[in-house]
2 protein chains.
Amino acid sequence: MRYPKLYVEKPKKPEKGKVVIEKDGKVIRFLEDNEEYEGEGKILYKVIYDDFPEYILMNELICDILLYYEFGGAKQITYLKKGTKLLEVLAEGYKVYPIVDFGCRILENHRLAAIQTRKGEIRFINTPVNGIVVFLQEIPHKRENYKFYILPDKEIEC
Amino acid sequence: MRYPKLYVEKPKKPEKGKVVIEKDGKVIRFLEDNEEYEGEGKILYKVIYDDFPEYILMNELICDILLYYEFGGAKQITYLKKGTKLLEVLAEGYKVYPIVDFGCRILENHRLAAIQTRKGEIRFINTPVNGIVVFLQEIPHKRENYKFYILPDKEIEC
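Residues numbered from 1 in each chain as written. Chains lettered and ligands numbered in written order. Predicted model: local features only at pLDDT ≥ 70, side-chain atom pairs only at ≥ 80, totals over all residues. Heavy atoms only, no water.

Contacts between the two partners involve 38 residues from chain A, matched on the other side by 39 residues from chain B. Note on chain A versus chain B: buried area summed over both sides is about 3,400 Å², and carbon and sulfur give 52% of it. Its largest share of buried area at the contact with chain B, chain A owes to A:Lys26, A:Lys75 and A:Arg105, together 20% of the area lost on that side. A:Lys23 is paired through a salt bridge with B:Glu35; the nearest N and O atoms lie 3.9 Å apart. Joining chain A to chain B, the criterion identifies 10 residue pairs in polar contact (both at pLDDT 80 or more). Elements represented by at least two residues in the side of chain A that touches chain B include exactly strand S3 (27–30), strand S7 (65–71), strand S8 (74–80) and strand S15 (144–152) of chain A. It is S8(A) that contributes the most residues to the side of chain A that touches chain B, 7 residues altogether. Looking at the side of chain A that touches chain B residue by residue, the class counts come to 18 nonpolar, 8 polar and 12 charged. (Contact = heavy atoms within 4.5 Å. Buried area = accessible area lost by both parts, 1.4 Å probe. Salt bridge = Lys/Arg side-chain N within 4 Å of Asp/Glu carboxyl O. Polar contact = N/O pair within 3.5 Å; in protein donor to acceptor, adjacent residues only side chain to side chain. Helix = DSSP H or I, 4+ residues; strand = E, 2+ residues; numbered from the N terminus. Nonpolar A, V, L, I, M, F, W, Y, C, P; charged D, E, K, R; others polar.)

To continue, consider the packing of aromatic side chains. All names here are of chain A. A full pass over the atoms with the stated rule returns 20 aromatic pairs over all chains. Taken together, Tyr-3, Tyr-49, Phe-52, Tyr-69, Phe-102, Phe-135 and Tyr-149 form an aromatic cluster joined through their ring pairs. The ring of Tyr-55 carries Lys-12 above its face, with NZ or CZ at 5.5 Å from the centroid. Directly above the aromatic system of Phe-124 lies the positively charged group of Arg-111, at a separation of 3.6 Å from the ring centroid. (Phe/Tyr/Trp six-rings, centres within 6.5 Å; stacked < 30°, edge-to-face > 60°. Lys NZ or Arg CZ within 6 Å of the ring centre and 35° of its normal.)

Moving on to the relation of the copies chain A and chain B. Rotating chain A by 180° and translating it 0.0 Å along the rotation axis places it on chain B, where the RMSD comes to 0.0 Å. What we have between these two chains is a two-fold relation. A shared interface surface links the copies, since 100% of the contact residues of chain A are contact residues in chain B too. (Least-squares fit on C-alpha atoms with pLDDT ≥ 70 in both.)

Bringing the pairing of strand S8 (residues 74–80) of chain B into the picture now. Of all 7 residues in S8(B), 7 are buried; the element is thus mostly enclosed. Burial along S8(B) is two-sided: B:Ala74, B:Gln76, B:Thr78 and B:Leu80 facing one way and B:Lys75, B:Ile77 and B:Tyr79 facing the other are all buried. Here S8(A) pairs with S8(B) via 7 bridges, running antiparallel. Residue pairing across strands places A:Thr78 opposite B:Gln76, the latter belonging to S8(B). (Buried < 20%, exposed > 50% of the residue type's maximum accessible area, 1.4 Å probe, protein only. Pairing = 2+ DSSP bridges.)

This part is about the sheet that holds strand S10 (residues 95–98) of chain A. Residues and elements named next belong to chain A. Across the sheet, 3 strands lie side by side as S10-S12-S13; this open sheet has antiparallel pairing. Lying at the two open borders of the sheet, with one neighbouring strand each, are S10 and strand S13 (122–126). Averaged over neighbouring strand pairs, the angle between their axes works out to 25° when direction is ignored. (Axes fitted to C-alpha atoms, helices over the stretch in contact; angles between N-to-C directions.)

Let us look at the pairing of strand S12 (residues 111–116) of chain A. Residue and element names in this part refer to chain A. Examined bridge by bridge, S10 and S12 share 4 bridges and lie antiparallel to one another. By the bridge assignment for S12, Tyr-97 is matched with Ala-114. Where S12 lies against S13, 5 bridges are found, and the strand directions are antiparallel. Bridge pairing links Ala-113 to Ile-125 in S13. Counting the residues in the hairpin turn of S12 and S13 gives 5 residues, including Gly-120, whose phi is positive at 90°.

Given below as structure tokens:
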């Protein structure tokens, strides 16, 4: 299982790797390791994928981020702007079996995870909205715990 | 429901809109309507999304394509190269109810569609591989007919 690469505007622990966003995303430019950039674009820096939740506060992205995923000859880029609202859905139980993963587009009422209670009963956690799972976090805890970060198709209204 | 925009290298019926791929996808540049391009990049031209199947022959893309999808403040770009192999899964029945849609990442054995027979029996069409649904085609026919074009995570081996 390969993971996407995560680039953020305000890295807490930057790694090697940069991408430049010009003209509000009309131009996306991955820099070479030794490449210098002097234009007016916004530079995003590579960070560890697992650090994704550090760039979210009160369900909102605190800076622009870009996710890059490569598989089977395809390249997929997802660019999200600061302030984008994400829906967080928690799946908690004696046993939790995630059904979907990062990158999955989900439609309303699709199953996100199956949960088994201590008594062996099974129930499902569904998504209340159409959207894309942008991150799946396993939270270390006595009970099994997964948090799904969903980017809804329609912006969430407060 | 909004649809992605489709750009192809060898358009049969080009529309307004171009995107340039430079350095094997390291730079992606959407051109303005009146913008001229004189670099060495590969130009892809916008075509109608529904024409997607015209750019596939024997399960392979006949040219580079790029899918662009915008939703809820996010921009998603998928760049696929000529020769990329797609898996085509047909769902045919008296009634067919697609469960997943374009852009859905699917994991092995996920349900693609529910099929109802004339006798009212329900069965499911599942995906044999992990991948992404890149196009969902409704085929006009006496019986209901949907074709799912899936980009597998792992390249298909012949």
